[in-house]
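Now for the letters of each chain:
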Amino acid sequence: MNARRVARRVLRNPLGLVPAVVLALIVLAVLCAPLLSPQGPAVASLRDSFGGPTGGHPLGFDSAGRDVLARLLHGGRNTLGGALLALAVALVVGVPSGLVAGYRGGRFDAAASWTANLVMALPAMVVLLASRAILGPTVWVLMVVLGVLIAPSFFRLVRGTVAGVRNELYVDAARVSGLRDARIVARHVLVVVRAPVIVQTALVAGIAIGLQAGLEFLGIGSGDTPTWGAMLNEAFANIQRAPAMMVWPGLALGLTSASLVLLAAALRDALEGRGADPVRRRRPATASTASTAPAGDGGDRAGLLSVRDLAVSYLLPDGTVREVVRGVDLDVREGEIVGLVGESGSGKTQTAFSILGILPEGGHVSRGSVTVDGREVVGLPERGHRALRGTVVAYVPQEPMSNLDPSFTIGAQLTEPMRYKLGISRAEARRRALDLLRQVEIADPERVLASYPHQISGGMAQRVLIAGAMSCDPRLLVADEPTTALDVMVQAEVLGLLRRLQRERGLGVLLVTHNLGVVADVCDRVAVMHEGRVVETGTAERVLHDPREPYTRTLLDAVLDQVPARPPLKGRTP
Amino acid sequence: MVSFVVRRVAAGAVLLFVVSALSYLLLSVPDTDVGRQILGSGAPTETVAAKNRELGLDRPVPVQYADWLAHAVRGDFGTSWFTGENVVRAIATRLPVTVSLMVGVTLVTAVLSLLLGVWAGVRRGAADRLVQVLGVLGYALPGFLVTLVIVVVFAVRLGWFPAIGYIGLTESVPGWLSTITLPVASLSVAAVAGVSQQVRGAVIDVLRQDYVRTLRARGLPPSRILFRHVLRNASAPALTVLGMQFVGLLGGAVIVEQIFGLPGIGAMTVTYTTRGDIPVIMALVMVAVVGVVAVNLAVDLLVGWLNPKARTA
């Protein structure tokens, strides 16, 4: 992103504009100190000590009768100048070493990282105080030390960023094409580092000013030079007599530091292309439940799951509403596996989430009706919907590993819902969990129960998730691409398992998938989704062999092997 | 686990050695006549030379350091050059003040950051923006400025707490509370600002995880998911930041103790370092580094306990 666009974005954000203006004013005032101050910062007359504002002296006088405005402006030169020096040293030390360490790695990286960690482990204030004892009370030398102390923050930032791009393809390509390292760094690596370094600079500048003023406040700077910290020190010494003296230097210091940090935040937002916060989700518009839309399967609504004219909308950050599901009709009866197929982005998963009431933030059912076990769930309060989850309708997710909590054992995760939903004892829940793991064909249930998610394989994890879905004896299973993340062999096993459980327990299953092979393997009926709508429904055999919609045909043509569809179950009228 | 602790303690010992050598070397660089400083400009040259000999300053710096190290490993940090106090005893009487300050700040920070961070992360919207602005301000304003404002408002204007002084915990608990409240509050502002942002970020991050959705789909109530699963997973990054804040807190303690007149090792650092009292400075630096190493080790162990993946690695 080019600099001008970033600047425009920062200035359009009020949290960027205000600090930028405040900083510019402070810097300008401080630069023009000799012009703006009524007298020299060291000119003192005891007659005026603690004197209030007068005509030529708008901020009054301090304890020694020196003009506060003059000291404030000249002090700003020393305070800001000192911080600038520290910042420059930190940049000069931190950025090049970070570049080399991140780009080259190896021994230099190891040594530099070790040094950086060492410096970061040092309490800065103690080191600075000790250096003052060594080097004498010259602020400028102390600022160099301070610069060295904060250099590791730049080093680590640059090193991390560079190491991240070092092995990127475009850097490799540049290397292969014979560019010298220096050129690669200049052309490709510096560009990546620039933005984070700018943000960090604003942030560190704020901290440097604070630390510098803190040192001055402790009275370890050089006595007579006016600085904001020294002014605060002086004011604090007279706190009982004139507490208001702290206002001006305090305000100058606070405004400068806060502006820098706010500016850093605005810069980061602009560079990351982040706008305002996402709009808080409004109450979902009450969906019209009594739908008169055409019944999907050309018949009565199924008892277990029936979806009519379902629409799901998302409120986008810019305030517009986007409909991702628009008028879906769907039925699942007991003992039946219905496939919901379509390419990614067709709204399959959103449909599944609406049935479970677990749409992500910003999404809501904007229209239509969903009945689970005869009960309308659109507009049902969270508590009522929760009562259905687990015991009536259960969920098998797509990606097995990310759907298990990494901090708890499999046993804890399996037993928790059972104990909560069924109110059974810990021992009973454990017995049931072992039994469930056996049912999902896990050979060593005791060991798996005691394992953490990272200790088991993906296929095993998917079996655990199926066991978890089955744990409270649901009658409807919503499985969202349950085999997509698994390799082919495991896929077949998991599908076989689903089929077996469905047959043994008479479950209804809504199987969301993009894989027509899976549909052919296990589904009784299928609904094809395209751009948020169901375009075709029918028995799996009919849809796969004799698709009526052009879109279904396109989907089928995309599959290389024409697999024979599974014949419909006997005695069932779809 | 045991080998992890042993390795970390060994690394800490190496760090202590390097820091002590560097500090000693640097402290000895300036060609100041310590004996002259102690005895004053009026003392005769022979007496000053005798004083320097007595302190061992006539020997080369590496020999001085080796001597210091030989005593230090046995827990003998010598006596202050300027006051003649036993260094270990001087620190031992002041350390409890600083430790009670640190423990107070850590507890306050942990509790407040957790509340604010979870509130912002779960509620989002206006609550979130409020916590974020407070976080930026708490982070941006220099710690000593915040402390000064707190002193002016609560001690000078309102008079709720004493502006200065310290009453030991063992002397009187209410007295201790009255003297420690403002210092703890002053130091906690920046720490809460930093840690609550981390908690907020971690909570938002965990709430977006697939397993949270799956837990909801199992029919568990949000409160249970939040307190059992989200907090457990969000606590590791928050703890890491809390540990990182500790180094900064040590620096803050120096200023806060100075402002409130607390007789801790922070205020001690200011007095003794400005005089160049090497035995005391060395011991103080060692205490600070040991504190940092110990806190980091404790944080790593806690994170390992919270995160099973890190535990087995």
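Reading the values: rules and limits
Residues numbered from 1 in each chain as written. Chains lettered and ligands numbered in written order. Predicted model: local features only at pLDDT ≥ 70, side-chain atom pairs only at ≥ 80, totals over all residues. Helix = DSSP H or I, 4+ residues; strand = E, 2+ residues; numbered from the N terminus. Buried ≥ 20, exposed ≤ 12 C-beta atoms within 10 Å, placed from the backbone. Contact = placed C-beta atoms within 7 Å. Pairing = 2+ DSSP bridges. Core = buried A, V, L, I, M, F, W, Y, C linked by C-beta atoms within 7 Å. Domains from an automatic or database assignment. Axes fitted to C-alpha atoms, helices over the stretch in contact; angles between N-to-C directions. Nonpolar A, V, L, I, M, F, W, Y, C, P; charged D, E, K, R; others polar. pLDDT = per-residue confidence, 0-100. Expected span 1.5 Å × (residues − 1). Bend = angle between axes of the 7 residues up to and from the residue. Parallel < 35°, antiparallel > 145°, perpendicular 65-115°, else oblique. Left-handed = near helix turned anticlockwise from the far one by under 90°.

### Side note on the overall build of chain A
Of regular secondary structure, chain A possesses 21 helices and 10 strands. Burial status across chain A gives 46% buried among its 574 residues. The contacts of chain A with a sequence gap of at least 6 include a subset with a gap of at least 24, amounting to 69%.

### What to know about the overall build of chain B
Along the backbone of chain B there are 13 helices and zero strands. Structurally, chain B occupies a C-alpha span of about 85 × 55 × 35 Å along its principal axes. When burial is assessed residue by residue, chain B has 40% of its 313 residues classed as buried. For chain B, long-range pairs separated by at least 24 residues make up 70% of all intrachain contacts whose partners lie at least 6 apart in sequence.

### Some remarks on the pairing of strand S2 (residues 321-332) of chain A
Residues and elements named next belong to chain A. As paired elements, strand S1 (residues 305-315) and S2 share nine bridges and run antiparallel to each other. Residue Ala311 lies in a different strand from S2, and its bridge partner there is Arg326. Between the end of S1 and the start of S2, which pair antiparallel, lie five residues, with Gly319 showing a positive phi angle near 95°.

### Some points on the nonpolar core
A general tendency of soluble globular proteins is for nonpolar side chains to be buried together. Of all hydrophobic cores here, the largest spans 236 residues; its most connected members are Ala86, Ala208, Val478, Leu510 and Leu511 of chain A together with Leu284 of chain B. The dominant element in this core, judged by the number of residues it contributes, is helix H10 (residues 222-260) of chain B, at 18 residues. When residues of this core are assigned to domains, at least three fall in each of domain 1 (3-10 + 66-271) and domain 2 (287-392 + 474-558) of chain A. Once residues within four sequence positions are removed from consideration, Leu511 of chain A is found in contact with Ile337, Val338, Gly339, Leu340, Ala479, Val522 and Cys523 of chain A.

### Examining the sheet that holds strand S3 (residues 337-341) of chain A
What holds strands together in a sheet is hydrogen bonding between their backbones, with the strands either parallel or antiparallel. Residues and elements named next belong to chain A. Taken in spatial order, the six strands of this open sheet run S6-S7-S8-S3-S9-S10, and their pairing is mixed. The outermost strands of the open sheet, each flanked by one partner alone, are strand S6 (393-396) and strand S10 (533-539). Across the sheet, the mean angle separating the axes of adjacent strands is 15° when strand polarity is ignored. Bridge analysis of S6 against strand S7 (residues 476-480) gives four bridges, and the strand direction is parallel.

### Thoughts on the interface of chain A and chain B
Accessible area lost on assembly of the parts is the figure often given for the size of an interface. On the side of chain B, 59 residues touch chain A, which itself brings 56 residues to the contact. If you list the elements that add at least two residues to the side of chain A that touches chain B, you get helix H5 (106-121), helix H6 (124-135), helix H9 (181-217), helix H10 (228-237), helix H11 (247-271) and helix H14 (410-422) of chain A. Grouping the constituent residues of the side of chain A that touches chain B by class yields 34 nonpolar, 13 polar and nine charged.

### Description of the environment of Gly347 of chain A
Within the fold, Gly347 of chain A resides in the loop between S3 and helix H12 (348-356). For Gly347 of chain A, the residues in contact, after removing those within four places along its chain, are Val324, Val325, Met529 and Gly532 of chain A.

### Some remarks on the confidence of the model for chain A
Here chain A averages 80 in pLDDT, and 86% of its residues register 70 or above. Low pLDDT, under 50, characterises residues 275-298 of chain A; the predicted model gives this stretch 48 contacts beyond four residues in sequence or across chains.

### Observations regarding helix H8 (residues 173-207) of chain B
Counted at 1.5 Å a residue, the expected span for H8 of chain B with its 35 residues is 51 Å, but the 41 Å between its end C-alpha atoms falls short. Approximately 40° is the largest bend angle found in H8 of chain B, and it occurs at Ile180 of chain B, with the proline Pro183 of chain B only one to four residues beyond.

### Description of the confidence of the model for chain B
Summary statistics for chain B give a mean pLDDT of 84 and a share of 97% for residues scoring 70 or more. Prediction confidence for the complex, expressed as pTM and ipTM, is 0.76 and 0.74 respectively.

### Points about the packing of H8 of chain B against H10 of chain B
Residue and element names in this part refer to chain B. Contact geometry of H8 with H10 gives a least axis separation of 8 Å together with a crossing angle of 160°. Considering the angle they form, H8 stands roughly antiparallel to H10. The two elements H8 and H10 cross, and the hand of that crossing is right-handed. Partitioned by chemical class, the residues of the contact of H8 with H10 number 20 nonpolar, six polar and no charged.

### Some words on the sheet that holds S2 of chain A
Residues and elements named next belong to chain A. Spatially, four strands are ordered S2-S1-S4-S5 in an open sheet, and the strand pairing comes out antiparallel. At either margin of the open sheet sits one strand with a lone partner, and together these are S2 and strand S5 (375-376). Strands S1, S2 and strand S4 (363-372) of the sheet are contacted by H12, whose axis makes an angle of about 110° with S1.

### So, the environment of Val191 of chain A
By the element assignment, Val191 of chain A lies in helix H9. Considering only alpha carbons, one finds Val191 of chain A and Ala242 of chain A, 51 residues apart in sequence, at a separation of 52 Å.

### Some thoughts on the environment of Val270 of chain B
Looking at where Val270 of chain B falls in the secondary structure, it is placed in helix H11 (residues 265-275). Counting along the chain gives 34 residues from Val270 of chain B to Gly304 of chain B, while the straight-line C-alpha distance between them is 37 Å. Each residue touching Val270 of chain B, except ones within four places of it in the same chain, is listed here: Leu129 and Leu218 of chain A together with Val254 and Gln258 of chain B.

### Let's talk about the domain arrangement of chain A
Segmentation of chain A into domains returns domain 1 (3-10 + 66-271) and domain 2 (287-392 + 474-558). Computed from C-alpha atoms alone, the centre-to-centre distance between domain 1 of chain A and domain 2 of chain A is 55 Å.

### Comments concerning the pairing of strand S9 (residues 525-530) of chain A
All names here are of chain A. Of all the six residues making up S9, six are buried; the element is thus mostly covered by neighbouring parts of the structure. The alternating pattern of S9 places Arg525, Ala527 and Met529 and Val526, Val528 and His530 on opposite faces, both of which are buried. Across four bridges, S3 lies against S9 in parallel orientation. What sits directly across from Val338, in S9, is Arg525.

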